[in-house]
Amino acid sequence: MTQSEPTSTGFAKIAVGVDFSPSSQHALAVARARFPGAQIRLLHVTDARVTASPDLMGGVTPAVFDAGLLNSLEDSDARRLAALMQDGEETEQLVGDPVTGIVEAAARWGADLIVVGTHAQGALEHFFIGSSAEKIVGRSHTPVLTVRLPDRHT
């Protein structure tokens, strides 16, 4: 583990939520560029809800637990996470709810800042489920920087 000094912004330990989407990869690039010298930890949560299905009440119903499927997802995610990591960076992989996992892992590590990408959503989808980034902002006691993927139409 590397000891880092606070950057000019005061952030020495930055947790970056990674879900392998273009927006999270952009957020990671922004964290690397904006906070040189900070210690960066990539956090990824394999979403355990993949073994659930939507129910008629707007929630989810657990499907039959498939340990093999979850293990395959974890192994695949671990390889993808290792490929994103650069020298001097750390990774942490968890299983569960991504929002809770990122907030709790960042707090446990003592992060000064959490960086996450935002995803474009339709109004209906946002109304019913909200965004993970929005939920992280609402639940975290650590400051959160949300990074939007640049609009390619401008």
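Residues numbered from 1 in each chain as written. Predicted model: local features only at pLDDT ≥ 70, side-chain atom pairs only at ≥ 80, totals over all residues. Heavy atoms only, no water.

1. Concerning the overall build of the protein
Scanning the protein from terminus to terminus reveals five helices and seven strands. Secondary structure of the protein in N-to-C order comes out as β-α-β-β-β-α-β-α-β-α-α-β. Within the protein, the proportion of its 154 residues that are buried is 38%. Of the contacts made within the protein by residues no fewer than 6 positions apart, 74% connect residues no fewer than 24 positions apart. Accessible surface for the protein amounts to roughly 9200 Å². Of this, 56% is attributable to carbon and sulfur atoms. (Helix = DSSP H or I, 4+ residues; strand = E, 2+ residues; numbered from the N terminus. Buried < 20%, exposed > 50% of the residue type's maximum accessible area, 1.4 Å probe, protein only. Contact = heavy atoms within 4.5 Å. Areas by Shrake-Rupley, 256 points an atom, 1.4 Å probe, with all protein chains shown as cover.)

2. A closer look at the sheet that holds strand β7 (residues 144-148)
Strand order across the open sheet formed by five strands is β5-β2-β1-β6-β7, with parallel pairing between neighbours. Each end of this open sheet is capped by a strand with a single partner; those strands are β5 (90-96) and β7. Taking the axes of each pair of neighbouring strands and ignoring which way they run, one obtains an average angle of 25° across the sheet. Strand direction decides the pairing type here: strand β1 (residues 13-17) and strand β6 (residues 113-118), joined by three bridges, are parallel. For Ile14, the partnering residue across the bridge sits in β6 and is Leu113. Each of β1, β2 (39-47), β5 and β6 touches helix α3 (residues 98-109); the most contacted strand, β2, lies at about 150° to it. (Pairing = 2+ DSSP bridges. Axes fitted to C-alpha atoms, helices over the stretch in contact; angles between N-to-C directions.)

3. A word on the pairing of β5
Judged by which residues are buried, β5 turns out to be one-sided: Glu90, Glu92, Leu94 and Gly96 face inward and are buried, whereas Thr91, Gln93 and Val95, on the alternate face, are not. Relative to β5, β2 runs parallel, the two being bridged by seven bridges. Looking across to β5, one finds that Thr46 is bridged to Val95.

4. Examining the packing of aromatic side chains
Scanning the entire structure with this criterion turns up one aromatic pair. Positioned above the aromatic ring of Trp109 is the side chain of Lys13, whose terminal nitrogen or guanidinium carbon lies 4.7 Å from the ring centre. (Phe/Tyr/Trp six-rings, centres within 6.5 Å; stacked < 30°, edge-to-face > 60°. Lys NZ or Arg CZ within 6 Å of the ring centre and 35° of its normal.)

5. Here we look at the nonpolar core
Counting residues in each nonpolar core, the largest one holds 17 residues, and the members touching the most others are Ile14, Val16, Val18, Leu28, Leu42, Leu84 and Val115. For this core, the elements supplying multiple residues, two or more each, are β1, α1 (22-34), β2, α2 (67-84) and β6. Here this core gets four residues from one element, more than from any other, and that element is α1. Ala15, Val99, Ile102 and Val103 belong to the second-largest nonpolar core, a separate cluster that totals 15 residues. (Core = buried A, V, L, I, M, F, W, Y, C linked by side-chain atoms within 4.5 Å.)

6. Topic: the packing of α3 against helix α5 (residues 132-139)
Interhelical geometry of α3 versus α5 gives an angle of 40° and a closest axis separation of 9 Å. The pairing of α3 with α5 is recorded here as oblique in orientation. Like other packed secondary-structure pairs, α3 and α5 cross with a definite hand, here right-handed. In this structure, α3 contributes Val99, Thr100, Ile102 and Val103 to the contact, and α5 contributes Ser132, Lys135, Ile136 and Arg139. For the contact of α3 with α5, a count of residues per class yields four nonpolar, two polar and two charged. (Parallel < 35°, antiparallel > 145°, perpendicular 65-115°, else oblique. Left-handed = near helix turned anticlockwise from the far one by under 90°. Nonpolar A, V, L, I, M, F, W, Y, C, P; charged D, E, K, R; others polar.)

7. What to know about α3
For α3, built from twelve residues, the straight-helix expectation of 16 Å at 1.5 Å per residue is met to within 8% by its first-to-last C-alpha distance of 16 Å. Among the residues making up α3, those that are buried are Pro98, Val99, Gly101, Ile102, Val103, Ala105, Ala106 and Trp109. Just downstream of α3 lies Gly110, where phi reads positive at about 85°. (Expected span 1.5 Å × (residues − 1).)

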